[in-house]
Amino acid sequence: MFPEYDVIVVGGGHAGCEAAHAAARMGSKVLLCTMNMNTIAQMSCNPAMGGVAKGQIVREIDALGGMSGIVSDKSMIQFRMLNRSKGPAMWSPRSQNDRMRFAEEWRLALEQTPNVDFWQEMIKGLIVKNGRIKGVRTGIGIEIPAKTVVLTNGTFLNGVIHIGEKQMGGGRTGESAAKGITEDLVDLGFESGRMKTGTPPRVDGRSLDFSKMEEQFGDEFPEKFSYSASTQPLKQQRSCWITYTNKDVHETLETGFDRSPMFNGRIKGLGPRYCPSIEDKINRFAERERHQIFVEPEGWDTVEIYVNGFSTSLPEDVQYKAMRKIPGFEQAKMFRPGYAIEYDFFPPTQLKPTLETRLVKNLFFAGQINGTTGYEEAASQGLIAGINAHQNVQEKEPFILNRSEAYIGVLIDDLVNKGTEEPYRMFTSRAEFRLLLRQDNADLRLTEKGYLLGLADEKRMARVLHKKTATETLINELKKLKVEPNLVNAELTGMNTAEIREKITVEKLLKRPQIGMEEVRTLDPKLDQYLSTFDKDVREQAEIQIKYESYIDKEQQLVQKMANLENHRIPTTFDYSQVKALSAEGRQKLNKIQPETLGQASRISGVTPADLSILTVYLGR
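Keep in mind it's a predicted model, so treat the numbers as computed, not measured.

A. Structural context of the overall build of the protein. Assigned secondary structure in the protein consists of 21 helices and 22 strands. Taking 2.2 N^0.38 as the reference for a compact globule, 621 residues should give roughly 25 Å; the C-alpha atoms of the protein span a radius of gyration of 26 Å, in line with that estimate. Principal-axis analysis of the C-alpha atoms places the extent of the protein at approximately 80 × 75 × 50 Å. With 621 residues in all, the protein has 58% of them scored as buried. Considering only contacts within the protein whose residues lie at least 6 apart along the sequence, 72% involve residues at least 24 apart.

B. Geometry of the nonpolar core. Ile8, Leu151 and Leu363 are the most contacted members of the largest nonpolar core, which totals 96 residues. Apart from residues lying up to four places away in sequence, isoleucine 8 is in contact with Leu31, Cys33, Val136, Ile144, Pro145, Ala146, Thr148, Val149 and Val150.

C. Up close: unusual backbone geometry. In this structure, alanine 53 is a non-glycine residue whose phi angle is positive, near 70°. In this structure, alanine 53 sits in the loop between strand S3 (48-50) and helix H2 (54-64). Judged by relative accessible area, which is 0%, alanine 53 ranks as buried. Positioned with a positive phi, asparagine 83 is a non-glycine residue whose angle comes to about 65°. Secondary-structure assignment places asparagine 83 in the loop between strand S4 (76-82) and strand S5 (92-97).

D. Representation of the pattern of salt bridges. If you walk through the whole model with that rule in mind, you get 43 salt bridges. The partner of glutamate 484 in a salt bridge is lysine 503, and the shortest N-O contact between them spans 3.8 Å. Of this pair, glutamate 484 sits in the loop between strand S21 (482-483) and helix H13 (485-494) while lysine 503 sits in the loop between H13 and strand S22 (504-505), placing them 19 residues apart in sequence. A relative accessible area of 32% places glutamate 484 in the partly exposed class. Because the salt bridges share partners, they merge into one network encompassing Arg403, Asp413, Asp414, Lys418, Glu432, Glu566 and Arg603.

E. Summary view of the sheet that holds strand S15 (residues 240-244). Taking strand neighbours across the sheet as the criterion, the six strands line up as S14-S15-S16-S17-S13-S18 in an open arrangement whose pairing is antiparallel. Pairing within the sheet leaves two strands with one partner each, and these edge strands are strand S14 (214-216) and strand S18 (334-336). On average, adjacent strands in this sheet sit at an angle of 35° to one another, irrespective of strand direction. Where strand S13 (residues 202-204) and S18 come together, two bridges link them in antiparallel fashion. Bridging across to S18, valine 203 finds its partner in methionine 334.

F. Structural context of the sheet that holds strand S12 (residues 193-199). Pairing is antiparallel in the open sheet, where four strands are placed in the order S11-S10-S19-S12. For this open sheet the edge positions go to strand S11 (166-169) and S12, each flanked by a neighbour on one side alone. Within the sheet, the average angular offset between the axes of one strand and its neighbour, ignoring direction, is 25°. Bridge count between strand S10 (residues 160-163) and S11: four bridges; the pairing is antiparallel.

G. Up close: the state of the cysteines. Applying the stated criterion to the full structure yields zero disulfides. Unpaired in terms of disulfides, cysteine 33 finds its nearest cysteine sulfur in cysteine 17, a separation of 13 Å. Using a relative accessible area of 2% as the deciding quantity, one classes cysteine 33 as buried. Just so you know, cysteine 240 is unpaired, no disulfide at all, and the nearest cysteine sulfur is the one on cysteine 45, 15 Å from it.

H. Representation of H2 in the model. With respect to burial, H2 is a largely interior element, 11 of its 11 residues being buried. Turning to H2, its buried residues number three or more, namely Lys54, Gly55, Gln56, Ile57, Val58, Arg59, Glu60, Ile61, Asp62, Ala63 and Leu64.

I. Representation of the packing of aromatic side chains in the model. If you walk through the whole model with that rule in mind, you get nine aromatic pairs. Considering the side-chain rings of phenylalanine 79 and phenylalanine 225, the 6.2 Å spacing of their centres and the 75° angle between planes classify their relative orientation as edge-to-face. Here phenylalanine 225 lies in the loop between S14 and S15 and phenylalanine 79 lies in strand S4, a separation of 146 residues in the sequence. Both residues of the pair, phenylalanine 79 and phenylalanine 225, belong to the buried class. What links up through ring pairs into an aromatic cluster is the set Phe190, Phe346 and Phe365. Its end group placed over the ring of tyrosine 227, arginine 59 keeps NZ or CZ at 5.5 Å from the ring centre. The ring of tryptophan 91 carries arginine 84 above its face, with NZ or CZ at 4.3 Å from the centroid.

J. Representation of helix H9 (residues 375-393). Over its 19 residues, H9 extends 27 Å from the first C-alpha to the last, a length consistent with the 27 Å expected when each residue adds 1.5 Å. In terms of burial, H9 is a largely internal element, 18 of the 19 residues being buried. Following H9 by one or two positions, glutamate 395 adopts a phi angle in the positive range, close to 55°.

K. Fine view of the side chain of threonine 428. Along the chain, threonine 428 falls in the loop between helix H10 (407-418) and helix H11 (442-453). Residue classification places threonine 428 among the buried positions, given a relative accessible area of 7%. In contact with threonine 428, not counting residues within four places along its chain, are Val52, Ala53, Gln56, Ala89, Met90, Tyr407 and Arg434.

L. Region of interest: the side chain of threonine 148. As for its position among the elements, threonine 148 is in strand S9 (residues 143-151). Residue threonine 148 is classed as buried on the basis of its relative accessible area of 0%. Side-chain polar atoms of threonine 148 contact the backbone oxygen of aspartate 6, separated by 2.7 Å. Once residues lying within four places of it in the same chain are set aside, the contact partners of threonine 148 are Asp6, Val7, Ile8, Ile133, Asn362, Phe364, Ala389, Asn392 and Val393.

M. Broad picture of the environment of lysine 479. If you trace the backbone, lysine 479 turns up in the loop between helix H12 (458-478) and S21. Its relative accessible area of 39% is what places lysine 479 among the partly exposed residues. On a C-alpha basis, the gap between lysine 479 and isoleucine 546 in space is 9.5 Å, while along the polypeptide they are 67 residues apart.

Calculation criteria
- Residues numbered from 1 in each chain as written.
- Predicted model: local features only at pLDDT ≥ 70, side-chain atom pairs only at ≥ 80, totals over all residues.
- Heavy atoms only, no water.
- Helix = DSSP H or I, 4+ residues; strand = E, 2+ residues; numbered from the N terminus.
- Rg over C-alpha atoms; globule rule 2.2 N^0.38 Å.
- Buried < 20%, exposed > 50% of the residue type's maximum accessible area, 1.4 Å probe, protein only.
- Contact = heavy atoms within 4.5 Å.
- Core = buried A, V, L, I, M, F, W, Y, C linked by side-chain atoms within 4.5 Å.
- Salt bridge = Lys/Arg side-chain N within 4 Å of Asp/Glu carboxyl O.
- Pairing = 2+ DSSP bridges.
- Axes fitted to C-alpha atoms, helices over the stretch in contact; angles between N-to-C directions.
- Disulfide = S-S within 2.5 Å.
- Phe/Tyr/Trp six-rings, centres within 6.5 Å; stacked < 30°, edge-to-face > 60°.
- Lys NZ or Arg CZ within 6 Å of the ring centre and 35° of its normal.
- Expected span 1.5 Å × (residues − 1).
- Polar contact = N/O pair within 3.5 Å; in protein donor to acceptor, adjacent residues only side chain to side chain.

Function-wise, these values are silent; they only describe arrangement.
Given below as structure tokens:
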């Protein structure tokens with residue numbers, strides 16, 4: 001019935017969609033297996049993409065040739081660039097999205113991608129022979145052969161939904177849990193664990209009083225995620241709203257604590273530290289009299305509202321009573337209550353940096369199965385797993401991004417070397433080279449890599465080359481162009497910056513904190529005319545590179561130092577038990593993770609600097 005596929009992707013969420021698209025674009029014959037064709041690319045939690053560090057990941061996916069940025073742009077209802085008041089390393093794009101259109105755009109994109117087939121059914125088992133994946137087994141007993149398999153099961157593996165004292169099997173509300181895969185993997189020798197996440201109630205926007213809330217507008221001049229010309233910035237946007245909990249809300253919530261699955265021990269898995277439930281927040285931060293609630297529309301036309309900040313697994317009657325005490329929610333009608341979901345994951349230290357498992361050849365894990373949380377983190381793993389599944393089939397070099405190249409590299413390196421005991425979420429603070437890994441330069445960093453893989457097309461590559469050349473040209477010209485004191489001093493005084501006494505280059509002016517490219521344009525009409533010949537993204541890129549030149553240079557020097565360790569490969573046959581001088585913990589962790597380079601070894605928890613020095617000397621011999 002089925003041919004042997006190059007790649008079978010199990011799961012149609014964000015990770016699965018990116019994996020299937022990437023492998024197919026590169027030329028592999030792909031089968032995407034999902035329990036429900038109508039919930040492909042479902043935004044299971046909030047209807048938004050991007051945010052702090054996550055926005056950088058979406059830009060990186062797009063730069064490599066993935067689809068998350070394009071799909072986000074096509075379904076966007078609001079755009080904001082977060083942290084504009086801080087330095088460019090912190091700027092992070094974020095969009096509110098139309099939930100239904102997001103899923104529709106992803107499905108259409110996959111249906112229009114040659115080499116992608118679909119199969120709607122639960123996958124209940126894996127076919128493994130001699131330590132190598134050979135295919136999957138469906139719920140009705142069909143065996144589908146494959147050269148590689150990518151598991152992107154999200155929250156479905158033995159998923160249990162909790163609402164107060166009620167619990168039911170499910171991977172998402174209204175959808176059944178997936179059974180069988182965990183058991184197969186454990187039988188093969190994999191270590192598994194349990195995690196939990198949660199979601200808030202959805203309510204009827206017609207029943208809310210928005211006059212009691214603060215309106216949150218999108219940016220005046222919205223941007224977009226994708227670097228390609230296939231999408232355009234929004235011309236109109238939908239507002240979000242902000243309101244707050246209060247003492248009455250908290251007291252009402254507390255009446256249900258004795259029936260809370262989180263507090264009575266029914267939930268065993270650890271939840272996300274940085275996205276806690278409302279009951280967790282009022283318990284952990286008892287001194288706070290209020291917590292912020294973001295009121296987010298689910299799309300252009302629907303009345304459904306996502307109550308961001310009110311994630312809960314308390315009994316539905318308690319949720320309802322407490323929610324109606326939030327300003328603006330006094331008459332709120334609930335579409336469905338919030339709930340917690342507990343599911344299986346597999347500690348990611350069992351993976352190679354390619355996301356291939358160490359125990360089974362050609363089997364890849366991506367997304368929440370690896371202990372992460374968030375659409376963006378999942379999508380980036382799916383992209384890398386899909387790329388490497390194709391590379392394995394073609395017997396080509398693996399594709400690995402290091403920590404100095406991308407947030408995606410930081411994410412996977414953290415997972416593989418350090419593992420995670422709670423749902424992993426990306427932050428800018430996790431990246432030691434974040435000034436190099438900005439959202440504005442992801443195309444300059446990564447598009448050539450995607451192009452060489454066969455993922456990013458020639459049009460993308462041409463745009464990047466144009467941006468790079470134009471930026472270099474502009475920077476060189478600004479080093480030569482000079483302004484005269486008598487023409488600009490009055491303007492400089494108005495900008496609260498010192499006057500100049502002699503001619504000075506525009507480059508030197510741009511290094512002043514009070515002056516950006518737009519301020520420079522007001523100094524001289526001829527200068528403004530010249531700068532207007534360059535695209536906005538080129539002017540922005542030139543400004544950042546000039547203004548932060550010394551800091552960027554310092555980070556690049558650190559990258560070069562780290563490269564020496566990254567380039568020092570460790571033989572796959574190396575026996576750490578023979579190196580008696582290593583610490584006991586260091587030897588144990590090195591044997592377990594089997595790092596491929598000294599750089600990777602240096603980032604493993606439990607491997608000390610002394611262990612690394614000993615290893616360097618031993619390998620040198």
